[in-house]
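# Survey of secondary and tertiary structure
If you want the building blocks of each chain, they are given just below.
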Amino acid sequence: MGVPQSRTEMILARGLRKEFTVRVKAGRLRRHKQVRAAVDGLDLRVDRGETVGYIGPNGAGKSTTLKMLTGVLTPSAGEVRVCGLRPVAQRTRLALRIGVVFGQRSQLWWDLPLRDSFDLLRHVYRVPAAEHAARLRR
Amino acid sequence: MADRPGGTLVAYRALLGAQARSQAAYRASFVVDLVGNVGATVFDVLTVLVLFGVTRELGGFTLRETMVVVGLSAFAFATADLLVGNIERIPRYVRTGLLDAVLLRPLGALPQLLLMDLPLRKVSRALFGLAVWVTAVTAAGIDWTPARALLVVVAPAAGVVFFGSVFVATATVSFFWIESGELANSLTYGGRDFTSYPVTVYGGWFRALFAYGLGFAFVSYHPALALLGRADPLGLPSWVSWAAPGVAVVAAALAAAAWRFGIRHYRSTGS
Ligand SMILES: Nc1ncnc2c1ncn2[C@@H]1O[C@H](COP(=O)(O)OP(=O)(O)OP(=O)(O)O)[C@@H](O)[C@H]1O
Ligand SMILES: [Mg+2]
């Protein structure tokens, strides 16, 4: 296990911000660029053992936040640590320690039996064979 | 969870195995694909043979000499296309969420994408390219030295790395500009056509750009000169003909930097 910065801090965000540049219509033909903040100055601390809900209307920035916490998106500004790791720079190390589901269609291999998909993911997440077998039995 | 040293390799091998099994599941169509895919590469080689039906020399090179150039180009392109070519599907990976999915897994994003979409049917092309290469160097009457024996193995590998780098670098552009496929194709397929002939057949700014601006002269032309023991008719010093491996390393470093830049600026999808 990696050593978190403090004993119990699992997620820490300070002034976390993500902006997207979008092209918006201006008049009939012209478009111009506009910068929009999807997440604007988020401060968040989640300690070990805490269960936290993160709610908001459509487009509030929930998915964008999660993507920054998992290292999929690089923040435009601010600081973020998860399990004491920097999500973008240490993405693969972090991915071994966390579980994320984004309603992803691409997790399973459609041409393979379900059991093979699980077996494949066992290798991807380096789950020992015995532990894997025990979990499947459940 | 501690990561054992071999764990990452085992994981990549498992991804490759899954890809192989899912393609072999449709065995009949796989065999048809395998055969059909040799087509384009055979055509490239036949073109050269046909040209030599009407001329004895091409840009100052005989048939046997030109075949060394063609063989190297055919093998390097076909193998890079097999291993890395599908990376041009990045816009699709973004749209379907596959790129997000691989970024959430504890493995490199690029190797995962390549292994999960490896077009195994293109194996036949790479093997055909290899056959042409072996035939060409056997027939070329090479004056073998230890350095040339080494180059005969290193040059094809360097060519694969070079074309692979071009595939990755041009695909990275589509992170920022979705419709960049045409540009990418003109560089990859253009590069394949360019490297099929000695650079002496081209002229002017076009040769300068493709041969040395982009570095394609180092895929097949310069290694061929070194193997054949020929001085460059265009007057470059002879050490340049041995520079292919170094050029490939530089190309790979540039492509890796471009890929990392692309991933850092990846926007994901908005929903
Ligand atoms: N890749 C992107 N490019 C441009 N804009 C984006 C992108 N991703 C998100 N956005 C915008 O950022 C804002 C926040 O989006 P986000 O997906 O994080 O919201 P959300 O809270 O997850 O919403 P939902 O409940 O609908 O899932 C939205 O206005 C969205 O349109
Ligand atoms: Mg969402």
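Overview of the structure. Quick caveat: nothing in here was measured; it's all calculated off a predicted structure. (Residues numbered from 1 in each chain as written. Chains lettered and ligands numbered in written order. Predicted model: local features only at pLDDT ≥ 70, side-chain atom pairs only at ≥ 80, totals over all residues. Heavy atoms only, no water.)

Moving on to the overall build of chain A. Helices and strands together make up the secondary structure of chain A, namely 4 helices and 3 strands. Counting helices and strands in the order they occur from the N terminus, chain A gives β-β-α-β-α-α-α. Classification of the 138 residues of chain A by burial places 35% in the buried group. In chain A, once contacts between residues fewer than 6 apart in sequence are set aside, the share between residues at least 24 apart is 49%. Per element, the accessible surface of chain A, about 8900 Å² overall, is 51% carbon and sulfur. (Helix = DSSP H or I, 4+ residues; strand = E, 2+ residues; numbered from the N terminus. Buried < 20%, exposed > 50% of the residue type's maximum accessible area, 1.4 Å probe, protein only. Contact = heavy atoms within 4.5 Å. Areas by Shrake-Rupley, 256 points an atom, 1.4 Å probe, with all protein chains shown as cover.)

We now examine the sheet that holds strand β1 (residues 9–25) of chain A. Residue and element names in this part refer to chain A. As summarised here, the arrangement of the 3 strands in space is β2-β1-β3, forming an open sheet in which the pairing is antiparallel. If you trace the sheet from one side to the other, it starts and ends with β2 (31–47) and β3 (77–82), each paired once. Neighbouring strand axes in the sheet, compared pairwise and without regard to direction, differ in orientation by 25 degrees on average. Bridge analysis of β1 against β2 gives 14 bridges, and the strand direction is antiparallel. Residue pairing for β2: Lys18 is matched across the bridge by Val39. Contacts from helix α1 (residues 62–70) reach β1, β2 and β3 within the one sheet, and its direction differs from that of β1 by about 125 degrees. (Pairing = 2+ DSSP bridges. Axes fitted to C-alpha atoms, helices over the stretch in contact; angles between N-to-C directions.)

The partner chain A presents 30 residues to the 33 residues of chain B that form the contact. Counting the surface lost from both chain B and chain A, the interface buries some 3000 Å², and carbon and sulfur atoms represent 57% of this. One can count 2 salt bridges joining chain B with chain A. The partner of B:Asp100 in a salt bridge is A:Lys67, with the nearest N and O atoms 3.9 Å apart. (Buried area = accessible area lost by both parts, 1.4 Å probe. Salt bridge = Lys/Arg side-chain N within 4 Å of Asp/Glu carboxyl O.)

So, about helix α3 (residues 39–54) of chain B. Residues and elements named next belong to chain B. Between its first and last C-alpha atoms α3 spans 23 Å; for 16 residues at 1.5 Å apiece the expected length is 22 Å, and the two agree. Buried residues of α3: Thr41, Asp44, Val45, Val48 and Phe52, and no others. End-on, the buried residues of α3 take up no more than an arc of 85 degrees, which puts them together on one face. Exposed side chains of α3 directed beyond 90 degrees from the buried face belong to Phe43, Val50, Gly53 and Val54. Its buried side turned inward, α3 meets α4 (63–84), α8 (123–139) and α10 (181–195). (Expected span 1.5 Å × (residues − 1). Arc of directions from axis to C-beta.)

So, about the packing of helix α9 (residues 146–173) of chain B against α10(B). All names here are of chain B. Relative orientation of the contacting elements α9 and α10 amounts to 165 degrees, with a least axis distance of 9 Å. One way to sum up the angle between α9 and α10 is to call them roughly antiparallel. As α9 runs across α10, the sense of the crossing is right-handed. Residues Phe163, Val166, Phe167 and Thr170 of α9 touch α10, and the partners they reach there are Ala184, Leu187, Thr188, Gly191, Arg192 and Thr195. Of the residues that constitute the contact of α9 with α10, the class distribution is 5 nonpolar, 4 polar and 1 charged. (Parallel < 35°, antiparallel > 145°, perpendicular 65-115°, else oblique. Left-handed = near helix turned anticlockwise from the far one by under 90°. Nonpolar A, V, L, I, M, F, W, Y, C, P; charged D, E, K, R; others polar.)

Around ligand 1 lies a shell of 14 residues, among which A:Gly59, A:Lys62, A:Ser63, A:Thr64 and B:Arg267 are the nearest. Looking at the residues close to ligand 1, they fall on chains A and B. Here an oxygen atom of ligand 1 and a backbone polar atom of A:Ala60 are 3.2 Å apart. Between a nitrogen atom of ligand 1 and a main-chain N or O atom of B:Arg267, the distance comes to 2.8 Å. When the free accessible area of ligand 1 is taken as 640 Å², the share hidden by the protein chains comes to 73%. (Near = heavy atom within 4 Å. Polar contact = N/O pair within 3.5 Å; in protein donor to acceptor, adjacent residues only side chain to side chain.)

The subject of this paragraph is unusual backbone geometry. Residues and elements named next belong to chain A. Positive phi values are uncommon outside glycine, yet Arg126 reaches one of about 55 degrees. Inspection of the secondary structure puts Arg126 in the loop between α3 (114–124) and α4 (129–137). Residue classification places Arg126 among the buried residues on the basis of a relative accessible area of 6%.

The next subject is a nonpolar patch on the surface. A grouping of B:Val173, B:Phe176, B:Trp177, B:Leu183 and B:Phe261 is seen on the molecular surface, where their side chains present a nonpolar patch of about 490 Å² in accessible area. The topology assignment puts B:Leu183 in helix α10. (Patch = residues over 30% accessible without salt bridge, like charges linked within 9 Å, V, L, I, M, F, W, Y side chains within 5 Å.)

This next bit is on the packing of aromatic side chains. Residue and element names in this part refer to chain B. Tallying each qualifying case throughout the model produces 17 aromatic pairs over all chains. Summarising the aromatic geometry, the rings of Phe61 and Tyr221 are spaced 6.0 Å apart at their centres and angled 65 degrees between planes, so their arrangement reads as edge-to-face. Of this pair, Phe61 sits in the loop between α3 and α4 while Tyr221 sits in helix α12 (residues 221–228); the two residues are 160 residues apart in sequence, bridging distant segments of the chain. Residue classification places Phe61 among the buried positions, given a relative accessible area of 1%. Ring plane angle 25 degrees and centroid distance 5.7 Å describe the contact between Phe210 and Phe216, whose orientation is recorded as stacked. Classification of Phe216 by relative accessible area gives buried; the value is 2%. Ring-pair connections join several aromatic residues into one group, and the members of that group are Phe77, Phe162, Phe163, Phe167, Tyr189, Phe194, Tyr202, Trp205, Phe206, Phe210 and Phe216. A cation sits over an aromatic face here: Arg192 above Phe77, 5.1 Å from the ring centre. Between the NZ or CZ atom of Arg230 and the centre of the ring of Phe61, over which it lies, the distance is 4.2 Å. (Phe/Tyr/Trp six-rings, centres within 6.5 Å; stacked < 30°, edge-to-face > 60°. Lys NZ or Arg CZ within 6 Å of the ring centre and 35° of its normal.)

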